[in-house]
Amino acid sequence: INAEYGVVSTQSTGMKQKIMSLRFTWHMLNGENLEQRRVTMAFRHFSLHTKCYVYVYEPPFPHEDDDTNYDHLKPVIMMKSSVMGFDIKIYDGETGQLYARMSKDVGNELLLGIDGYCLSIEPDIDVAFMTTLALMWDYATTDMKNN
């Protein structure tokens, strides 16, 4: 993922959970008043791991309150956790090329109750976008556990 997608800009970027959805879904918002939906993360929870598909919208961007319809899009990125959920890979949805890897700091979580990750990003990959996806993953999976 590089600058060609235009997902992350110099404007503020926000995250929002989609309420009343069949799938657990989060959106990355941008534009004036954070009203343009730029990215959708659609989660699928399996018994052994969690996976999500990341869809990137092209202009004209849908409004944040529009129906979440990404049937016409291919997932640009896939994120998948290991069986225990401690290692998460972020990779190209079509080629399988690895973009980044997140590792959960299990020791601090178990001993101190501190939630932390190490994010390793491959060269020539948009660091801000990968960091935002990692943060959205953490918010979403924490919310899934609590609900």
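Residues numbered from 1 in each chain as written. Predicted model: local features only at pLDDT ≥ 70, side-chain atom pairs only at ≥ 80, totals over all residues. Heavy atoms only, no water.

**Remarks on the overall build of the chain**
Then step 1. Scanning the chain for helices and strands turns up two helices and eight strands.
Then step 2. Its helices and strands taken in sequence order, the chain reads β-β-β-β-β-β-β-α-β-α from the N to the C terminus.
Then step 3. Counting across all 147 residues of the chain, residues that qualify as buried make up 38%.
Then step 4. In the chain, 40% of the contacts between residues at least 6 apart in sequence involve partners at least 24 apart.
Then step 5. Of the accessible surface of the chain, which amounts to about 8600 Å², a share of 52% is contributed by carbon and sulfur atoms. (Helix = DSSP H or I, 4+ residues; strand = E, 2+ residues; numbered from the N terminus. Buried < 20%, exposed > 50% of the residue type's maximum accessible area, 1.4 Å probe, protein only. Contact = heavy atoms within 4.5 Å. Areas by Shrake-Rupley, 256 points an atom, 1.4 Å probe, with all protein chains shown as cover.)

**Some words on the packing of aromatic side chains**
Then step 1. Enumeration over the complete set of coordinates arrives at two aromatic pairs.
Then step 2. Note on tryptophan 26 and tyrosine 139: the rings are 6.1 Å apart at their centroids and 35 degrees apart in plane angle, and the pair reads as tilted. Of this pair, tryptophan 26 sits in strand S2 (residues 25-30) while tyrosine 139 is found in helix H2 (residues 127-146), placing the two residues 113 residues apart along the sequence.
Then step 3. Given the relative accessible area of 9%, tryptophan 26 is considered buried.
Then step 4. For the pair phenylalanine 43 and tryptophan 137, a centre-to-centre distance of 5.5 Å together with 45 degrees between the ring planes defines the contact as tilted. With phenylalanine 43 in strand S3 (residues 36-45) and tryptophan 137 in helix H2, the pair connects residues that are 94 residues apart, well separated along the chain. (Phe/Tyr/Trp six-rings, centres within 6.5 Å; stacked < 30°, edge-to-face > 60°.)

**Points about the nonpolar core**
Then step 1. Ranked by size, the top nonpolar core spans 24 residues in total, and within it Met41, Ile77, Met79, Met130 and Leu133 carry the most contacts.
Then step 2. Listing elements by their share of this core, those giving two or more residues are S2, S3, strand S4 (50-56), strand S5 (77-81), strand S6 (87-92), strand S7 (98-104) and H2.
Then step 3. Looking at this core, the element that brings in the most residues is H2, giving seven residues.
Then step 4. Counting eight residues, the second largest nonpolar core, distinct from the first, contains Tyr70, Leu73, Met78 and Tyr91. (Core = buried A, V, L, I, M, F, W, Y, C linked by side-chain atoms within 4.5 Å.)

**Regarding the pairing of S4**
Then step 1. Among the seven residues that make up S4, seven are buried, leaving the element largely enclosed by the rest of the structure.
Then step 2. Alternating residues of S4 divide into Thr50, Cys52, Val54 and Val56 and Lys51, Tyr53 and Tyr55, and every residue in both groups is buried.
Then step 3. Alignment of S4 against S5, held across four bridges, turns out to be antiparallel. Bridge pairing links cysteine 52 to methionine 79 in S5. (Pairing = 2+ DSSP bridges.)

**A word on the environment of alanine 100**
Then step 1. Among the structural elements, alanine 100 can be located in strand S7.
Then step 2. The buried category is assigned to alanine 100, whose relative accessible area is 0%.
Then step 3. The contacts of alanine 100, once residues within four sequence positions are left out, are Ile88, Lys89, Ile90, Leu119, Ser120, Ile121 and Met130.

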